Amino acid sequence: MKKRLFYSFLVMLAFSLMSSTCSSDDDGGSLNDNSAEISEIENIVESGTWTVTSYVDSGQDETNDFNGYNFTFAANGTLTASNGTTTYTGTWSITDSSNSNDDSNSDNDIDFNISFPVPDTNDFEDLNDDWDIVSHNSTTISLIDISGGNGGTDTLVFQKN
């Protein structure tokens, strides 16, 4: 009887030790370091001026709201949009975010944050968000935002001039 109890104890101990040493590859214990990619994107957008080539708000194309505006992303975080007559000044930043619901791999999200201090009725208020970067290269930045409130999807594409 004592041997059986002893062996049962050993088996339980062995299983306990094995389960504590196993780990999952997707346990989220180590988030990806996006600092190099963030730096690369910052360098891209800080060079030159940009235009909005596509802005779709929950399925409605509103690109024309930003026709004629050139966007400048300054290294100090200042964002300027000007059409030669009207100028809007706001802020921008790129941050590492792990709390987005916009895609299935939320540990790798990089947010492109835009903020213009304008009234809700101003077209530029639509750009105010923490956009997820879908893709980027030296001439194009594609962004997406899925609204938590109504579930609508907004997309925004900047093209370098």
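What you are looking at is a predicted structure, and each value in this text was computed from that prediction instead of being measured.

1. Side note on the overall build of the protein chain
The helix and strand inventory of the protein chain stands at two helices and nine strands. Traced from its N-terminal end to its C-terminal end, the protein chain shows the element sequence α-α-β-β-β-β-β-β-β-β-β. Buried positions account for 31% of the 161 residues belonging to the protein chain. For the protein chain, the computed accessible surface area is about 9,700 Å², with 49% contributed by carbon and sulfur atoms.

2. Quick notes on the pairing of strand E6 (residues 110-115)
Counting buried positions along E6 gives five out of six residues, so the element sits mostly inside the fold. Across six bridges, strand E5 (residues 87-96) lies against E6 in antiparallel orientation. Among the inter-strand pairings, Trp 92 is bridged to a residue of E6, identified as Ile 114. Both E6 and strand E7 (residues 129-136) contribute to a ladder of four bridges, which runs antiparallel. For Ile 114, the partnering residue across the bridge sits in E7 and is Asp 129.

3. A few points about the packing of aromatic side chains
For the coordinates displayed, the defined rule picks out 14 aromatic pairs. Plain terms: the ring middles of Phe 71 and Phe 124 are 6.0 Å apart, the flat faces sit at 35° to each other, and that makes the pair tilted. Separated by 53 residues along the polypeptide, Phe 71 in strand E3 (residues 70-73) and Phe 124 in the loop between E6 and E7 bring together distant segments of the chain. Across this residue pair, the class does not change: Phe 71 and Phe 124 are buried. Three or more aromatic residues link up through ring pairs in this structure, and these residues are Tyr 55, Phe 66, Tyr 69, Phe 71, Phe 73, Tyr 88, Trp 92, Phe 112, Phe 116, Phe 124, Trp 131 and Phe 158.

4. A look at the side chain of Asp 154
Here Asp 154 is to be found in strand E9 (residues 153-160). Of the side chains bearing the opposite charge, Lys 160 lies closest to the buried Asp 154, which forms no salt bridge; the N-O distance is 26 Å. Not counting residues within four places of it along the chain, the set of residues in contact with Asp 154 comprises Tyr 55, Val 56, Asp 57, Ser 58, Trp 131, Leu 143, Ile 144 and Asp 145.

5. What about the nonpolar core?
Side chains of a nonpolar character, in soluble globular proteins, are inclined to be buried together. Residues Phe 71, Phe 112, Phe 116, Phe 124 and Phe 158 are the most contacted members of the largest nonpolar core, which totals 29 residues. If you tally residues by element for this core, the top one is helix H2 (residues 35-46), at four residues. Look past the residues within four positions of Phe 124 in its chain and what remains in contact with it is Phe 66, Tyr 69, Phe 71, Ala 81, Tyr 88, Phe 116 and Val 118.

6. Focus on the pairing of strand E4 (residues 78-82)
Burial along E4 is one-sided: the face carrying Leu 79 and Ala 81 is buried and the face carrying Thr 78, Thr 80 and Ser 82 is not. With five bridges joining them, E4 and E5 adopt antiparallel strand pairing. In the strand pairing of E5, Ala 81 is matched with Tyr 88. What sits between the antiparallel neighbours E4 and E5 is a turn of four residues, in which Gly 84 has the positive phi angle 95°.

Cut-offs and rules
Residues numbered from 1 in each chain as written. Predicted model: local features only at pLDDT ≥ 70, side-chain atom pairs only at ≥ 80, totals over all residues. Heavy atoms only, no water. Helix = DSSP H or I, 4+ residues; strand = E, 2+ residues; numbered from the N terminus. Buried < 20%, exposed > 50% of the residue type's maximum accessible area, 1.4 Å probe, protein only. Areas by Shrake-Rupley, 256 points an atom, 1.4 Å probe, with all protein chains shown as cover. Pairing = 2+ DSSP bridges. Phe/Tyr/Trp six-rings, centres within 6.5 Å; stacked < 30°, edge-to-face > 60°. Lys, Arg positive; Asp, Glu negative; His and termini not counted. Salt bridge = Lys/Arg side-chain N within 4 Å of Asp/Glu carboxyl O. Contact = heavy atoms within 4.5 Å. Core = buried A, V, L, I, M, F, W, Y, C linked by side-chain atoms within 4.5 Å.

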